[in-house]
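# Observations on chain architecture
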Amino acid sequence: MAADNDNAMKQKQQQIDSVKTDRAALQTDFDAASAKIDQLVSQNSKLDSALQGNKEEMANLQSKIKTILSNKNATLAELKSAREMINNLTDKTKQYEARIAELEKENTELTGQNKVLAHERDSTVTTNIALKKAGSVLHASNIRMEPIHKRKNGKEKETTKHKKVDELRIIFDIDENRIAESGNKEIYLRILGPDNNTLSPSAGNLTTNAGGQLSYSVMKEIALQQNVPVKDVTIDWNQPGDYQKGDYIIEVYNDGYKVGSGKVTLR
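Residues numbered from 1 in each chain as written. Predicted model: local features only at pLDDT ≥ 70, side-chain atom pairs only at ≥ 80, totals over all residues. Heavy atoms only, no water.

On the surface, a cluster of positive charge is made up of R151, K155, K157, K161, K164 and R267. In this fold, R267 is placed in the segment after β10 (257-266). (Patch = residues over 30% accessible without salt bridge, like charges linked within 9 Å, V, L, I, M, F, W, Y side chains within 5 Å. Areas by Shrake-Rupley, 256 points an atom, 1.4 Å probe, with all protein chains shown as cover. Salt bridge = Lys/Arg side-chain N within 4 Å of Asp/Glu carboxyl O. Lys, Arg positive; Asp, Glu negative; His and termini not counted. Charge placed at Lys NZ, Arg CZ, Asp CG, Glu CD. Helix = DSSP H or I, 4+ residues; strand = E, 2+ residues; numbered from the N terminus.)

Here is the structure:
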């Protein structure tokens with residue numbers, strides 16, 4: 001009878017030791033799996049929305065495993081169930097990690113594509129701005145110069161005799177423009193004398209679209225309405241000295257572009 005009792009006690013002790021060993025091994029595996037999950041989640045928070053379902057499944061398994069391992073009276077059957085869940089958790093962790101790698105690859109490819117698209121977009125915007133700027137440049141037409149002789153009675157008469165010219169009347173139209181915005185626009189005039197020098201260069205310089213500098217004779221501001229021409233823009237040019245025989249050339253500039261020219265010859 002005593003021998004039977006000793007055997008029973010030994011078996012019970014072995015069972016207790018086996019439970020302790022299994023619990024310790026399970027706890028170690030569970031801690032390792034949980035640490036891996038925490039690492040993946042913290043390092044890939046930006047991908048969290050795409051992996052929310054995986055996280056919820058793993059969190060559910062962790063909760064069940066933790067409940068069993070925290071129960072000091074857990075049976076071998078419960079510990080066996082915990083082992084199966086830990087194995088399942090390990091598999092899901094690997095799937096989670098693999099999916100993160102896929103998403104990171106897709107994200108890298110998408111970033112590259114976005115850079116290409118951004119470059120193309122910026123290039124298109126730059127081109128469109130340049131086209132709009134070029135399209136908004138005004139164009140002068142119907143340019144003419146009238147040499148005027150002023151009589152003592154105040155009346156005016158057009159003449160081509162250089163000795164009788166008192167002023168040059170410059171007249172031109174600004175064509176309609178569908179791109180230029182309404183508002184005041186600056187028109188620069190260069191008047192070149194027979195010696196090809198700019199009359200009144202002290203007025204200042206204008207910057208051409210190519211970045212160069214040109215002296216101009218006079219600047220006039222006009223009120224422009226989009227898509228509406230401006231007719232008969234008139235500028236009277238007077239100079240202190242006499243007019244010389246030869247060709248007088250007028251050049252019209254807007255936004256650095258030469259937008260029209262005309263000529264009158266005095267004899």
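Looking now at the sheet that holds strand β4 (residues 183-192). With antiparallel pairing, four strands are arranged side by side in an open sheet as β7-β4-β9-β10. Strands with a single pairing partner mark the edges of an open sheet, and in this sheet they are β7 (218-224) and β10. On average, each strand axis in the sheet is tilted by 25° relative to the strand beside it, whichever way the strands run. Relative to strand β9 (residues 246-254), β4 runs antiparallel, the two sharing five bridges. What sits directly across from Y188, in β9, is Y253. (Pairing = 2+ DSSP bridges. Axes fitted to C-alpha atoms, helices over the stretch in contact; angles between N-to-C directions.)

When the charged atoms of two side chains with opposite charge come close together, those side chains can pair. Inspection of every chain in the model, using the stated rule, returns nine salt bridges. For D236, the salt bridge is made with R169, and the minimal N-O distance between the two is 2.7 Å. Placement of D236 in strand β8 (residues 230-237) and of R169 in strand β3 (residues 167-174) is noted, with a sequence separation of 67 residues between them. In this structure D236 comes out as partly exposed when scored by relative accessible area, which is 37%. A single network of salt bridges, built from pairs that share partners, joins K150, E156, E167, R169 and D236. (Buried < 20%, exposed > 50% of the residue type's maximum accessible area, 1.4 Å probe, protein only.)

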